[in-house]
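What follows is the residue order along each chain.
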Amino acid sequence: MDATSCSPISPLCRWIAAGVAGAVLMALLSVQPAPAATPELPKASAWNGKYPFDQKPGFYANATLKQAATALIGATRYKEVMLGWSVAAPIVTDGDALLAWGCKPHDCGDNHQSTLIDAGKVAICILQGGTATWYSEGLAKPVTSRITGDASTACQFETVSQARQSLAAARR
């Protein structure tokens, strides 16, 4: 008996059909969806020299950065500082590391922040109300410094290196 002469009521044909259907079903069930792309932090090469709001979605809308920053400073502070302080400087880079700076409109000297992404880690320095605070994945708790005198550059860095040095000092 060949497949072309198989009668639908024949036990052998039903057995073959069930086997083919079972094999097709097993093949369909074993197909795994492609793994979802792992969200990444913003890349230095994509942001060098650009303002945080130059691209859509903006720098601070990056899901991985938002998750890391929210874990460090909380959702309310993230919304107030990272999204609400809309004055910014161009992002600077050093290799794969990048540094973004922003401040509160009409009050930059006393209210500004820097976001450092270095070696896959996020660190944020916030100056607010005369107090500079570093939040970092490598710190057990935020490191706060009361600023006396001119605080206008407490968390304002021109280079990634300056931000790294300030963060290293905070870790000591």
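Residues numbered from 1 in each chain as written. Predicted model: local features only at pLDDT ≥ 70, side-chain atom pairs only at ≥ 80, totals over all residues. Heavy atoms only, no water.

## Structural notes on the overall build of the protein chain
Let me state the cut-off plainly: Starting at the N terminus, helices and strands are each numbered in turn, a helix being any DSSP run of H or I of at least four residues and a strand any DSSP run of E of at least two. Relative accessible area decides the class of each residue, using a 1.4 Å probe on protein chains only: under 20% of the type maximum gives buried, over 50% gives exposed, and in between gives partly exposed. By definition in these notes, contact holds between two residues if any of their heavy atoms fall within 4.5 Å. Residue burial considers only the protein chains on display, and all accessible areas are found by Shrake-Rupley using a 1.4 Å probe.
Counting secondary structure elements, the protein chain contains 5 helices and 7 strands. For the protein chain, the α and β elements follow one another from N to C terminus as α-α-α-α-β-β-β-β-β-β-β-α. Looking at the 172 residues of the protein chain, the share that counts as buried comes to 33%. Sequence-distant contacts in the protein chain: of pairs separated by 6 or more residues, those separated by 24 or more amount to 47%. Within the structure as shown, the protein chain displays about 10,300 Å² of accessible surface, and the carbon and sulfur contribution to it stands at 58%.

## As for unusual backbone geometry
For the bond running from K56 to P57, omega is -5°, close enough to zero to count as cis. Locating P57 in the fold gives a position in the loop between helix 2 (44-47) and helix 3 (63-73). Its identity is not glycine, yet H106 carries a phi of approximately 65°, on the positive side. A positive phi angle, near 55°, is found at A119, a position not held by glycine. You can see A119 is positioned in the loop between strand 4 (111-118) and strand 5 (121-128). For A119, a relative accessible area of 71% gives the class exposed.

## Describing the confidence of the model for the protein chain
Low-confidence regions, as indicated by low pLDDT, have predicted coordinates that should not be scrutinised in detail. Basically, it comes down to this: Per residue, pLDDT captures the predictor's confidence, and it can take any value from 0 to 100.
With 77% of its residues at a pLDDT of 70 or more, the protein chain has an overall mean of 84. Taken element by element, the protein chain is modelled with least confidence in helix 1 (residues 11-30), mean pLDDT 53, and with most confidence in strand 2 (residues 92-94), mean pLDDT 98.

## With respect to the environment of S161
Structurally, S161 is set in helix 5 (residues 160-171). In this structure S161 comes out as partly exposed when scored by relative accessible area, which is 33%.

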